[in-house]
Structure formats: C-alpha cells, structure tokens
Amino acid sequence: MNATAQPMIRLDSIEKRYPNGSLAVRSLSLDVAVGDIVMLVGPSGCGKTTTLKMINRLIEPTSGRIMLDGEDVTHVDPVQLRRRMGYVIQNVGLFPHRTIEQNIATVPSLIGWDRKRARARASELLELVGLAPDEFAKRYPSQLSGGQRQRVGVARALAADPPVLLMDEPFSAIDPIARDRLQLEFLRLQQEVRKTIVFVTHDIEEAIRVGDKICVLSNGGVVEQYADPATLLGTPANDFVANFVGSDRGLKRLAVTRVSEADLEHPPTVRMNQSAAQARAILEVEGARWAVVVDDAGDLHGWVSREHLERLDQSGSVESGQVSEYAHRMEAWVPANATLKQAFSEMLQHDAGWVAVLNGDHLEGVLTPESLHAALRRSVDEAEPETAGAV
C-alpha cells in the first residue's frame, strides 16, 4: 500500500480516564492501514480491550479523536457507528434462542435488508467460514462445538460487509488444536474479504502468526513499539518489548521468515513416463541416492530411490516398468510461501530427509536438513546479535 494513503482507522491522542481518576489509556495515537490486521498485545491491564472498545465507542473516550476512513466519528451516533464495524468477542455472544442463520442475519435485518437477502447472505457466509449451510443454518448455538460457534461469530460480524472488524481474544477459549485450525482459516478468510482488522490477544505467538503489524502496549495504554512481526522480533525497541516477546524471539522469527529461492536445493528429477532403467541411469550419473518424480509440466508426483531401483534390477523387473509404478508418495511438503517454522515442523513430523516446496503442484525445489539449517542461520543472522544468541 502507498505509504501516504489515508489509514482506515486513526486514533488521535485518545485517552480514557475514569471518574475515580484512574487512567486506563493515556494519549494513544495509532494508524491502521486499509486491509491490515493489527494485533494489540501487552500485559493484563494495559488497555488493550479498552482501546478496542473505544474504536466502536462501547467505551467512550475521555478525549481525543477517532477517525474512520477520514471521517471523525468521535461524536456520531454510536449505534450507527457500530453497524459499520464487525465485532467478535471471546465467548461469541450468539443468541441462544435463535438459529445460526438468524444469528448471522441479525445486523442485516436491523439495517433493513429483506428476509430473502439476509438468508442468502447467511448461507454465503456459512460457506465462507467452512460450515455447510444445509447442515448448520437451522441449528442452534448449543448444538455446535466451541470452534464452530466461533466461526459463526466471525460470519455474523461480516454479515453487513463492514469495512472494519474488531476482535477481542476471539480464539482464546478454544482448545489448542481447534485454535490452530481457526487461525489458519481466519487467515484464509482474510485473503478473500480483505477487511481492516484490530485484534486483541494476550498470546504473542498468535500475534506473530496472524498480524501484519503488532502494537505492544504497556500499562496505561502506552505504545512501546508498533511494527511488523519480523521487525518486532529482530529489533525490539526497548527492554520492555524484548522481555514481552521473550528470550526465544530468535526462534519466533522462524514463524515470520519465508522460504526463499536461495534456500532451495534442486535434486535430480525423472519423468513419470520414463522407464525405471532410465531413472536408475540418471541417478548413477548424478551420483545421487534419490530423485524427484515429476510429470511433463513439472508437477510433483513423488520420489524414487536408487536403492529401490537397484533391487528391482536384481529381480529382473526394472526394464519393463515405468517410473510412475515405483514412485513413493511425497509426505513432507510445504507451499512456496511457507515459513521456515512450517518447513522445519514438516521435516520433524515425517522424519524426512527433505521437504518439497511447491507452487500449487509445481515443484520449486527441496529443503534438506543442511539447506534448512542454512536458512535458519540466515533468519537468525538478520536479527540483532542478542537475538541471534538466543538461538
């Protein structure tokens, strides 16, 4: 995005002081770019949720301005303002006596959509969040799992197609496995809807994984650092930020460092329609123990080992068969935009000697333990010396 473009949300010196004199948020200024996910993190009581609720004026700021797409909304009708923003909370807050379809259609109905249009929008959003309308539309919240209810909460927040989504620890009450899936689903969904999102979390790992930018707050809503995850982990602004993100921030960088072309190795390849004898000859010439099996378009179809082909040769069957008959399934692979953490996890999970990197089905190259180690070293070396020492 152009650096001079107008932010979708601008908080201009907003402050919240309660009648007893306590200061929850002190003169906080923050710009949120169009289409960005901004994570608010910090210790308990630092003003994360207060800041979020001031954006849609569930909590009224004592002073300062709230700008939405260039418009000062500090003094507009708060109910009308909230209908321009989706809101997702930790325990979802679905109406228990209404069906899932009716829950999602709540805001469209309030702003005057007819029933047919609201139902169509509910079905569309159920599909979008991975819940089949035929199966879930007529159910009630009590009939869904926690993760499913959270998906419905996101769908309801998107129902009137608001430009802004506010999320207050939406996944924190979900078990770790379901939470991991929801985070991935949320990122997939954001690729489609491209909303401007402010997301409160107490989990720095979640912030690093989900956020385009992270705002670290200290007590009183003071902004200690506002940066993208790689910058935050590589160059913490001060000791407060360094201590908050943890001494293992060098390792956390792996979650935000993408696999690059320079990290990849390019092993011998054989075609599916080549004979096993031809494949063995290629491996002998290359002095390699294994080769990748691809089709004529370069799409991955597995791998073959020299040892296996030699055993076939001894049995007298290698001359007759094609490579496609002897190829092993590729278990360890990651997409081309994967992080080093994902690649490392795949290698460990499958106890693999290498991990394929795919662009769609097309093979870009492979990561071996040696090349992955070099990539890890590169990621760490890009950080400040103290961070590198953490690894």
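That block above? That's the structure.
Residues numbered from 1 in each chain as written. Predicted model: local features only at pLDDT ≥ 70, side-chain atom pairs only at ≥ 80, totals over all residues. Heavy atoms only, no water.

Peer 1: Can you help me understand the packing of helix 7 (residues 146-158) against helix 8 (residues 176-193) in this one?
Peer 2: Two numbers describe a pair of packed helices, the interaxial angle and the distance between the axes. Close contact between helix 7 and helix 8 brings their axes to 11 Å; oriented N to C, the two are set at 20 degrees. By the angle between their directions, the pair helix 7 and helix 8 is classed as roughly parallel. The two elements helix 7 and helix 8 cross, and the hand of that crossing is right-handed. Across the interface between the two elements, Gly147, Gln150, Arg151, Val154 and Leu158 from helix 7 touch Leu182, Glu185 and Leu189 from helix 8. Residue composition of the contact of helix 7 with helix 8, grouped by class: four nonpolar, two polar and two charged. (Axes fitted to C-alpha atoms, helices over the stretch in contact; angles between N-to-C directions. Helix = DSSP H or I, 4+ residues; strand = E, 2+ residues; numbered from the N terminus. Parallel < 35°, antiparallel > 145°, perpendicular 65-115°, else oblique. Left-handed = near helix turned anticlockwise from the far one by under 90°. Contact = heavy atoms within 4.5 Å. Nonpolar A, V, L, I, M, F, W, Y, C, P; charged D, E, K, R; others polar.)

Peer 1: Would you take a moment to explain the sheet that holds strand 5 (residues 71-72) for this structure?
Peer 2: Two modes of strand pairing occur in sheets, parallel and antiparallel, and in both the strands are linked by backbone hydrogen bonds. With antiparallel pairing, four strands are arranged side by side in an open sheet as 2-1-4-5. With partners counted over all chains shown, the strands left at the sheet margins are strand 2 (23-32) and strand 5, one partner each. Here strand 1 (residues 9-17) pairs with strand 2 via six bridges, running antiparallel. Within strand 2, the position partnered with Arg10 by the bridge is Asp31. The sheet strands contacting helix 1 (residues 48-55) are strand 1, strand 2 and strand 4 (63-68), and the helix crosses strand 1 at an angle near 120 degrees. (Pairing = 2+ DSSP bridges.)

Peer 1: Looking at this model, I keep getting lost on the nonpolar core. Mind explaining?
Peer 2: Of all hydrophobic cores here, the largest spans 42 residues; its most connected members are Ile104, Met167, Phe186, Phe199 and Ile214. Sort the elements by how many residues they give to this core and helix 7 lands first, with five residues. Contacts of Phe186, omitting those with residues within four sequence positions, involve Ile37, Met167, Phe171, Ile197, Phe199 and Val210. Counting 27 residues, the second-largest nonpolar core is a separate cluster that includes Leu52, Ile55, Val73 and Val198. (Core = buried A, V, L, I, M, F, W, Y, C linked by side-chain atoms within 4.5 Å. Buried < 20%, exposed > 50% of the residue type's maximum accessible area, 1.4 Å probe, protein only.)

Peer 1: Explain the sheet that holds strand 9 (residues 213-218) to me, please; I cannot follow it from the model alone.
Peer 2: Taking strand neighbours across the sheet as the criterion, the six strands line up as 6-7-8-3-9-10 in an open arrangement whose pairing is mixed. The strands lining the two open edges of the sheet, one partner per strand, are strand 6 (85-89) and strand 10 (222-227). Across this sheet, the average inter-strand angle for adjacent strands is 15 degrees, counted without regard to direction. Relative to strand 8 (residues 196-200), strand 7 (residues 164-168) is paired through five bridges, and the arrangement is parallel. In the sheet register, Asp168 faces strand 8, and the bridge partner there is Val200. With respect to the sheet, helix 7 is in contact with strand 6 and strand 7, its orientation differing from that of strand 6 by roughly 165 degrees.

Peer 1: I tried to follow the side chain of Thr368 on my own but got confused; where do I start?
Peer 2: With respect to the helices and strands, Thr368 occurs in the loop between strand 16 (362-367) and helix 17 (369-381). By relative accessible area, which is 7% here, Thr368 ends up buried. When near neighbours in sequence (up to four residues on either side) are disregarded, Thr368 contacts Glu265, Met347, Gly353 and Trp354.

Peer 1: Looking at this structure, how should I read the layout of surface pockets?
Peer 2: To find the voids left in a structure, one rolls a probe of water-molecule size over its atoms. Considered as a void within the structure, the largest pocket measures approximately 1000 Å³ in volume. The wall of the largest pocket is formed by 35 residues, among which Leu184, Leu187, Arg209, Arg258 and Gln342 lie closest to the centre. For the lining of the largest pocket, the elements supplying multiple residues, two or more each, are helix 8, helix 9 (204-210), strand 14 (333-335) and helix 16 (340-349). Within the lining of the largest pocket, the residues separate by chemical class into 13 nonpolar, nine polar and 13 charged. Listing elements by their share of the lining of the second largest pocket, those giving two or more residues are helix 2 (78-82), strand 6, helix 4 (106-110) and helix 7. With four residues, strand 6 is the single largest residue contributor to the lining of the second largest pocket. Looking at side-chain class alone, the lining of the second largest pocket contains 12 nonpolar, five polar and three charged residues. (1 Å grid on protein atoms, 1.4 Å probe; cavity = no way out; pocket = protein on both sides within 12 Å on 5 of 7 lines; lining within 4 Å. Points joined across faces, edges and corners; volume = space filled by probe spheres on them.)

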